Amino acid sequence: MSIQFVKHNPAFLDAGHFLEQVVARRADVAHLLGHLGSCEPIGTVRHLFITGQRGSGKTFVVRRVALAVEQHNVLRSRYYPLFFSEESYSVSSSAEFWLEALFHLARQTANEQFAQTYQALREEVDEERIRQIVLPLLLDFADNQGK
């Protein structure tokens with residue numbers, strides 16, 4: 001008999017099952033959605049940095065906000081939620097962050113060019129080269145989406 005351990009991670013649940021489990025953190029989600037809704041539609045960059053102890057619900061809240069953005073007409077017209085993995089151990093610089101963003105964007109959009117670029121740059125050590133290639137791709141995507 002084998003024992004299988006299952007790691008609970010809200011990112012592993014499909015949207016329907018995830019939303020069925022939403023019973024907590026409503027005030028946090030409402031606060032974040034209010035913040036996003038108060039931003040000017042185009043040209044204003046505002047950042048949110050969510051911190052907390054392990055297991056405090058950060059992934060849950062961020063995923064809930066991302067799903068709410070996708071379901072809200074005004075927010076969906078302004079933002080393209082890009083949901084990262086719970087742990088991104090490979091990210092230790094801005095270049096690695098942009099590369100990780102490209103990976104998740106390729107996965108979410110099934111864009112083969114993004115996937116190929118990500119694969120080509122995975123072993124690149126020149127962080128400036130990564131930034132010069134990846135950041136314009138991400139910004140062009142955002143411009144093309146109008147977000």
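In short, a report on the structure. (Residues numbered from 1 in each chain as written. Predicted model: local features only at pLDDT ≥ 70, side-chain atom pairs only at ≥ 80, totals over all residues. Heavy atoms only, no water.)

## Things to note about the overall build of the chain
In terms of helices and strands, the chain carries seven helices and zero strands. Secondary structure elements of the chain occur, N-terminal to C-terminal, as α-α-α-α-α-α-α. The buried share of the chain, reckoned over its 147 residues, is 29%. For the chain, restricting intrachain contacts to residue pairs at least 6 apart in sequence, the fraction spanning at least 24 positions comes to 61%. Of the roughly 10,100 Å² that the chain leaves accessible, carbon and sulfur atoms contribute 54%. (Helix = DSSP H or I, 4+ residues; strand = E, 2+ residues; numbered from the N terminus. Buried < 20%, exposed > 50% of the residue type's maximum accessible area, 1.4 Å probe, protein only. Contact = heavy atoms within 4.5 Å. Areas by Shrake-Rupley, 256 points an atom, 1.4 Å probe, with all protein chains shown as cover.)

## Structural notes on the packing of helix α5 (residues 94–109) against helix α7 (residues 127–145)
The interhelical angle for the contact between α5 and α7, taken along N-to-C directions, is 40 degrees, at an axis separation of 9 Å. One finds that α5 runs oblique with respect to α7. For α5 against α7, the interelement crossing comes out left-handed. On α7, the residues that touch S94, A95, E96, W98, L99, A101, L102, L105 and T109 of α5 are E127, I130, R131, V134, L135, L137, L138 and F141. Residue composition of the contact of α5 with α7, grouped by class: twelve nonpolar, two polar and three charged. (Axes fitted to C-alpha atoms, helices over the stretch in contact; angles between N-to-C directions. Parallel < 35°, antiparallel > 145°, perpendicular 65-115°, else oblique. Left-handed = near helix turned anticlockwise from the far one by under 90°. Nonpolar A, V, L, I, M, F, W, Y, C, P; charged D, E, K, R; others polar.)

## Remarks on the packing of α5 against helix α6 (residues 112–121)
Between α5 and α6, whose axes approach to 8 Å, the crossing angle comes to 150 degrees. Handedness of the crossing formed by α5 with α6: left-handed. Counted together, L99, L102, F103, L105, A106 and T109 of α5 and F114, A115, T117, Y118 and L121 of α6 form the full contact between these two elements. Looking at the contact of α5 with α6 residue by residue, the classes come out as nine nonpolar, two polar and no charged.

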